[in-house]
Amino acid sequence: MEQMAQLDTKQKLEILADAAKYDASCASSGTAKRNSRDGKGLGSTEGMGICHAYAPDGRCISLLKILLTNSCIFDCHYCINRKSSNVRRARFTADEVVKLTIAFYKRNYIEGLFLSSGIIRSSNYTMEQMVEVARALREDHHFRGYIHLKTIPDADPELVHQAGLYADRVSINVELPTVSGLKRLAPEKDGVRIETAMAEVKSSIADGKDAQKHYKSAPKFAPAGQSTQMIVGADAATDGDIVTRASTLYDRFGLRRVYYSAFSPIPDASTVLPLQRPPLMREHRLYQSDWLMRFYDFQPHEVVAAADDATGMLPLDIDPKLAWALKFRQHFPVDVNRAPRERLLRVPGLGVKSVDRIIASRRWRKLRLDDVARLTVSVAKVRPFIITEDWRPVILSDKAELKSLVAPLLAPKKEQLELFAA
């Protein structure tokens, strides 16, 4: 604690912004540096603790993404900030976070705040500090930017409720996909309590929306909803287990997003953890499967069916939609002039916008292959799976033969790079 007190604000920001990078519940994206030569430029696309999230309408929102502290009373095996971890510790006061947020906002660096924290003293004490940050920003400084708070499920429900009254979005991490994994790697955390807290947030969001319908002055509660995060590869959960778990969370708690974070080996790791990180492409495939359920009307069992029957893992060399099409090739080819929307959405290479364009266009004429080419990003990806007025693919009875035809078109050209250096 004495060492933390000696750190200045910049040193704390370096430590706590770096510690926050492992939290995937705030989707981020890199961008090009834009340096001002004369020092008079307004705004910046770089800086410690700044990440970039995307709004539902596609806008890029810059956020200050930090931890209140990386100290923690818990000793979760997979966490870099666990109690027994030998890392440099730092801690912000609530007032310091407020001042940083306002200073960054006034300089046009950010449009909002993403705040998480390790557990200090107790869950209630930590939650009180986080709520105070949001309260001071909203009430004392009249801050109207975006606020996302990572709440603590063990905290008093009233504190979590207060967080939702000040924040645009709240999130509660389920941590691991399976109950057995949570008990083994984070024995101090309670899966039942986590789900209870998520249910309470869902109820508060529903109550807030209902109150808004009857009273214009009713306070909004987490208008951007709630999200969660699962760590991938720290336990023995298969992709099938993770997809099924994510679907259950969406259905039960009305989540806006489930985020997947590939396990990363940490210094002085426990012997119960795997020695190597999972391929980052596995995380990418899980996001693609999540997209299929959310926007392409795939049912969880359909996505799971795309996984390998023996291992339960999604293939890494091709995306889940193509894997499903190859496994159930009896559903193809699909006639783009007659097939309903739900069947078109299952065609590899056809996105939601392309399908909608096809449906709109075929009302006026019979579509030919050249028409589909104008309505899609790449007709080469789509051609083996569709029928048009002037095109019918050669029937390939062998799955490997079909895969060899389409896989080079869809497989990534380069190995996925690490997000953070080891």
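Preceding block: the structure.
Reading the values: the criteria
- Residues numbered from 1 in each chain as written.
- Predicted model: local features only at pLDDT ≥ 70, side-chain atom pairs only at ≥ 80, totals over all residues.
- Heavy atoms only, no water.
- Salt bridge = Lys/Arg side-chain N within 4 Å of Asp/Glu carboxyl O.
- Helix = DSSP H or I, 4+ residues; strand = E, 2+ residues; numbered from the N terminus.
- Buried < 20%, exposed > 50% of the residue type's maximum accessible area, 1.4 Å probe, protein only.
- Core = buried A, V, L, I, M, F, W, Y, C linked by side-chain atoms within 4.5 Å.
- Contact = heavy atoms within 4.5 Å.
- Polar contact = N/O pair within 3.5 Å; in protein donor to acceptor, adjacent residues only side chain to side chain.
- Phe/Tyr/Trp six-rings, centres within 6.5 Å; stacked < 30°, edge-to-face > 60°.
- Expected span 1.5 Å × (residues − 1).

*Asks:* Looking at this model, I keep getting lost on the pattern of salt bridges. Mind explaining?
*Replies:* Any two side chains of opposite charge can pair, on the condition that their charged atoms come close. A full pass over the atoms with the stated rule returns 19 salt bridges. Residue Glu96 is joined to Lys12 by a salt bridge in which the shortest nitrogen-to-oxygen separation is 3.1 Å. Here Glu96 is found in helix α3 (residues 94-106), whereas its partner Lys12 is found in helix α2 (residues 9-19), with 84 residues between them in sequence. Taking the relative accessible area as the measure of exposure, Lys12 reaches 9% and is therefore buried. A salt bridge links Asp140 to Arg135, with the nearest nitrogen and oxygen atoms 2.9 Å apart. A relative accessible area of 46% places Asp140 in the partly exposed class.

*Asks:* Would you mind going over the nonpolar core with me for this structure?
*Replies:* Most often, soluble globular proteins keep nonpolar side chains buried together rather than apart. Ranked by internal contacts, the top residues of the largest apolar core, which has 107 residues, are Ile66, Tyr78 and Leu115. Of all the elements, helix α4 (residues 123-140) adds the most residues to this core, at seven residues. Apart from residues no more than four positions distant in its own chain, Leu115 is found in contact with Ile66, Leu67, Leu68, Val97, Met130, Val133, His148, Leu149 and Lys150.

*Asks:* How do you make sense of the environment of Ala305 when you look at a structure like this?
*Replies:* Note that Ala305 resides in helix α10 (residues 300-305). Discounting chain neighbours no more than four positions away, the residues touching Ala305 are Lys327 and Phe328.

*Asks:* What's the story with the side chain of Asn81 in this structure? I'm lost.
*Replies:* With respect to the secondary-structure elements, Asn81 resides in the loop between β2 (60-67) and α3. Taking relative accessible area as the criterion, Asn81 reaches 10% and is therefore assigned buried. If sequence neighbours within four positions are ignored, Asn81 has contacts with Ala19, Leu67, Asn70, Cys72, Val87 and Arg89.

*Asks:* Explain helix α11 (residues 320-327) to me, please; I cannot follow it from the model alone.
*Replies:* An α-helix turns once every 3.6 residues. As a result, residues three or four positions apart point the same way. Burial runs high along α11: seven of the eight residues are buried. At the N-terminal end of α11, a side-chain oxygen is found 2.9 Å from the backbone nitrogen of Lys321, two or three residues along, and the residue is Asp319.

*Asks:* Teacher, can you tell me more about the packing of aromatic side chains here?
*Replies:* Each aromatic ring pair is specified by the distance between its two centres and by the angle formed by the two planes. Applying the stated criterion across every chain, the model contains eight aromatic pairs. When the centroid spacing of 5.6 Å and the interplanar angle of 90 degrees are considered together, the rings of Phe104 and Tyr109 count as edge-to-face. Residue class for Phe104 comes out buried when judged on its relative accessible area of 13%. Overall, Tyr109 belongs to the partly exposed group, its relative accessible area being 29%. Considering the side-chain rings of Tyr260 and Tyr287, the 5.2 Å spacing of their centres and the 80 degrees angle between planes classify their relative orientation as edge-to-face. Within this pair, whereas Tyr260 is found in strand β7 (residues 257-262), its partner Tyr287 is found in helix α9 (residues 280-295), the two being separated by 27 residues in sequence. Counting every residue linked through ring pairs, the aromatic cluster contains Phe298, Trp324, Phe328, Phe332 and Phe385.

*Asks:* What exactly am I supposed to notice about α9 here?
*Replies:* Over its 16 residues, α9 extends 23 Å from the first C-alpha to the last, a length consistent with the 22 Å expected when each residue adds 1.5 Å. Along α9, the positions that sit buried rather than exposed are Leu280, Met281, Arg282, Arg285, Leu286, Ser289, Asp290, Leu292 and Met293. On its buried face, α9 sits against β6 (226-232), α8 (239-253), β7, α10 and α11.

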